[in-house]
Amino acid sequence: MNGVDAIAFTAGLGENDDITRKAICEYLGYLGTELDEVKNDVHGETAIISTDDSKVTLLCVPTNEELMIARDTLFLSKNNLKLTGDQTPFLNHPVGYFK
């Protein structure tokens with residue numbers, strides 16, 4: 001990997017812990033991440049938290065695990081699929097199926 005265009009912080013820790021986001025961005029500084037500390041003071045909201053001149057766009061993106069579970073359950077039930085130890089049914093469902 002020669003670099004990245006964007007890094008998204010999501011889920012409980014990623015969307016709610018500005019201290020962890022800062023530490024991660026400092027660690028990944030060699031990629032050109034520049035965190036705007038004022039913009040980083042966000043919790044549970046969609047926001048761009050990088051500086052305007054950062055080489056990498058840093059995003060804070062809330063997630064909705066309950067909605068994803070409901071969508072996957074609907075997909076499995078509509079397609080009469082059952083989960084075993086193999087999770088491959090999820091690899092084959094069409095992107096954007098649940099809009």
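If you're wondering where the values come from, they're calculated on a predicted model, not measured in any experiment. (Residues numbered from 1 in each chain as written. Predicted model: local features only at pLDDT ≥ 70, side-chain atom pairs only at ≥ 80, totals over all residues. Heavy atoms only, no water.)

Participant: Go over the nonpolar core with me, naming the residues and quoting the values.
Facilitator: I7, F9, C25, L28, L35, V42, A47, I49, V56, L58 and C60 together form the largest nonpolar core, which totals 11 residues. Those elements that place two or more of their residues in this core are β1 (6-10) and β3 (57-61). (Core = buried A, V, L, I, M, F, W, Y, C linked by side-chain atoms within 4.5 Å. Buried < 20%, exposed > 50% of the residue type's maximum accessible area, 1.4 Å probe, protein only. Helix = DSSP H or I, 4+ residues; strand = E, 2+ residues; numbered from the N terminus.)

Participant: Residues and numbers for the pattern of salt bridges, please.
Facilitator: Taken as a whole, this structure holds 2 salt bridges when the rule is applied. Salt-bridge contacts for E37 lead to K22; the nearest nitrogen and oxygen are separated by 3.3 Å. One end of the pair, E37, is in the loop between α2 (18-27) and β2 (47-48); the other, K22, is in helix α2, with 15 residues separating them in the sequence. (Salt bridge = Lys/Arg side-chain N within 4 Å of Asp/Glu carboxyl O.)

Participant: Explain the sheet that holds β3 to me, using residue names and the numbers behind them.
Facilitator: On the basis of which strands lie adjacent, the open sheet formed by 3 strands has the order β1-β3-β2 and mixed pairing. Strands at the two margins of the open sheet, each flanked by one partner only, are β1 and β2. Where β1 lies against β3, 5 bridges are found, and the strand directions are parallel. From the neighbouring strand, A8 faces β3, where its bridge partner is L59. (Pairing = 2+ DSSP bridges.)

Participant: Please give an account of the pairing of β3 that cites residues and values.
Facilitator: Burial of β3 is one-sided: the residues L58 and C60 facing one way are buried, the residues T57, L59 and V61 facing the other way are not. As paired strands, β2 and β3 are joined by 2 bridges and run antiparallel to one another. Each bridged residue has a counterpart across the sheet, and for A47 the counterpart in β3 is C60.

Participant: Go over the environment of L58, please, and point to the residues and values.
Facilitator: By the secondary structure assignment, L58 is in strand β3. Residue L58 is classed as buried on the basis of its relative accessible area, which comes to 0%. C-alpha of L58 to C-alpha of I48: the two residues are 10 residues apart in sequence and 5.8 Å apart in space.

Participant: Explain the environment of G14 residue by residue, including any values.
Facilitator: Relative to the assigned elements, G14 resides in helix α1 (residues 11-16). Take G14: its relative accessible area is 12%, and that puts it in the buried class. Separated by 29 residues in sequence, G14 and H43 have C-alpha atoms that sit 9.0 Å apart. Contact partners of G14, with chain neighbours within four places excluded, come to F9, R21 and C60. (Contact = heavy atoms within 4.5 Å.)

Participant: Please provide a residue-by-residue account of the side chain of D36, values included.
Facilitator: Among the secondary structure elements, D36 is positioned in the loop between α2 and β2. An unpaired buried charge is present at D36: no salt bridge exists, and K39, the closest side chain of opposite charge, is 4.4 Å distant. Among the polar contacts made by the side chain of D36, one reaches the main-chain amide nitrogen of K39 at a distance of 3.0 Å. Ignoring anything within four residues of it in the chain, the contact list for D36 reads I49, S50 and T51. (Lys, Arg positive; Asp, Glu negative; His and termini not counted. Polar contact = N/O pair within 3.5 Å; in protein donor to acceptor, adjacent residues only side chain to side chain.)

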